[in-house]
Amino acid sequence: LRGQNRLVLGGSLHWIFHLPIKYGINRSDLVGIYKHRKKKSYNDFYVTYDATIKLKSDSTFEFMEIRDEWDIIGVTYHTGKWEIKRDTIICRTVPELYPPIVQERYPGQVLHFYGGGWEDDKQKAIEKGIVYKFLIQKKGLIYKDRKDRDIYRKVKQSVTTKDSI
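What comes next is a walk through the structure. What you are looking at is a predicted structure, and each value in this text was computed from that prediction instead of being measured.

Moving on, we come to the overall build of the chain. Helix and strand counts for the chain stand at two helices and 12 strands. Taken from the N to the C terminus, the helices and strands of the chain come in the order β-β-α-β-β-β-β-β-β-β-α-β-β-β. Residues classed as buried in the chain amount to 33% of the 165 residues present. Of the contacts made within the chain by residues no fewer than 6 positions apart, 44% connect residues no fewer than 24 positions apart.

In structure tokens, the structure reads:
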């Protein structure tokens, strides 16, 4: 059975089930920043995944995953709109929401984002319409599309629309 833990009380075995939150989900309670870290071993090296998803109050999201594969670092970035369907958060990419490669954050400060990844991620969003699904549970958001069922834990409660990952 999935989502279970065993608890022994007075010599008796009890099963504890972690059930998803079904109803009464308050959208404003979900707004915030969630993080996940995973380290996998492949023969003689490790791959580390650091992922962050930010759910904003204006129904937009930002997702960033950094993969450190021995001597190669890869970054995935997606943004779009999020909604709640039953006990699941659905995050759909919206190419028009991707920030420009050249940005002026403060007067006189111009940032240039180089590398194919940024544009590649945007192109994938245009061609495939990438969707992330997270099961809402008390312990965090569980990424549903992977075999590992990664848990994203909330690290920051409130997020303004101007905050960036």
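The next subject is the environment of Gln103. Within the fold, Gln103 resides in strand β8 (residues 102-106). For Gln103, a relative accessible area of 11% gives the class buried. Put simply, Gln103 and Phe113 are 10 residues apart on the chain and 8.4 Å apart in space, counted from C-alpha to C-alpha. Discounting chain neighbours no more than four positions away, the residues touching Gln103 are Gln109, Val110, Leu111, Phe113 and Trp118. Of the polar contacts made by the side chain of Gln103, one reaches the backbone oxygen of Pro100; its length is 3.1 Å.

Quick look at the pairing of strand β10 (residues 131-137) now. Within β10, five of the seven residues are buried, leaving the element largely enclosed by the surrounding structure. In the sheet, strand β7 (residues 88-93) pairs with β10 via five bridges, with the strands oriented antiparallel. Its bridge partner being in β10, Cys91 is matched across the sheet by Tyr132. In this structure, β10 lies alongside strand β11 (residues 140-143), joined through four bridges in antiparallel fashion. Bridge assignment links Phe134 to a residue of β11, and that residue is Tyr143.

So, about the sheet that holds strand β5 (residues 60-69). Spatially, the eight strands close up into a barrel ordered β3-β4-β5-β6-β7-β10-β11-β12, and their pairing is antiparallel. Across the sheet, the axes of successive neighbouring strands diverge by a mean angle of 30°, strand direction being ignored. Bridging between β5 and strand β6 (residues 72-85) involves 10 bridges; their strand directions are antiparallel. Pairing of Glu65 across the sheet is with Thr76, part of β6.

Here Ser59 is to be found in the loop between β4 (45-55) and β5. In this structure the side chain of Ser59 is engaged in a polar contact, spanning 2.5 Å, whose partner is the side chain of Arg27. With sequence-adjacent residues up to four places away left out, Ser59 is seen in contact with Arg27, Gly80, Lys81 and Trp82.

Most of β7 sits out of view: five of its six residues are buried. Where β6 lies against β7, six bridges are found, and the strand directions are antiparallel. Each residue of the ladder has a partner; that of Lys85, found in β7, is Thr88. Linking β6 to β7, which pair antiparallel, is a turn of two residues; within it Arg86 sits at a positive phi near 55°.

Definitions and limits used
Numbers given to residues run from 1 along each chain, matching the order in which its sequence is written. Reporting of local features is limited, given that this is a predicted model, to residues whose pLDDT is at least 70; pairs of side-chain atoms are given and counted only at 80 or more, and all residues count toward the totals for whole chains, interfaces and linings. Values shown for side chains rest on all heavy atoms present in the structure; no hydrogens or waters enter the calculation. Helix and strand definitions here come from DSSP, where helices need a minimum of 4 consecutive H or I residues and strands a minimum of 2 consecutive E residues; each element is numbered from the N-terminal end. The classification of residues rests on relative accessible area computed with a 1.4 Å probe and restricted to protein chains. Under 20% of the type maximum is buried, over 50% is exposed, and intermediate values are partly exposed. We call two residues in contact whenever any of their non-hydrogen atoms come within 4.5 Å of each other. Definition of a polar contact: a pair of N or O atoms within 3.5 Å, with one able to donate and the other able to accept a hydrogen when the atoms are protein atoms, and with sequence-neighbouring residues admitted only if both atoms are side-chain atoms. If DSSP finds at least two bridges between two strands, the strands pair. Every axis corresponds to a line fitted to the C-alpha atoms, with the helix fit spanning only the stretch in contact, and the corresponding angles, defined between N-to-C directions, vary from 0 to 180 degrees.

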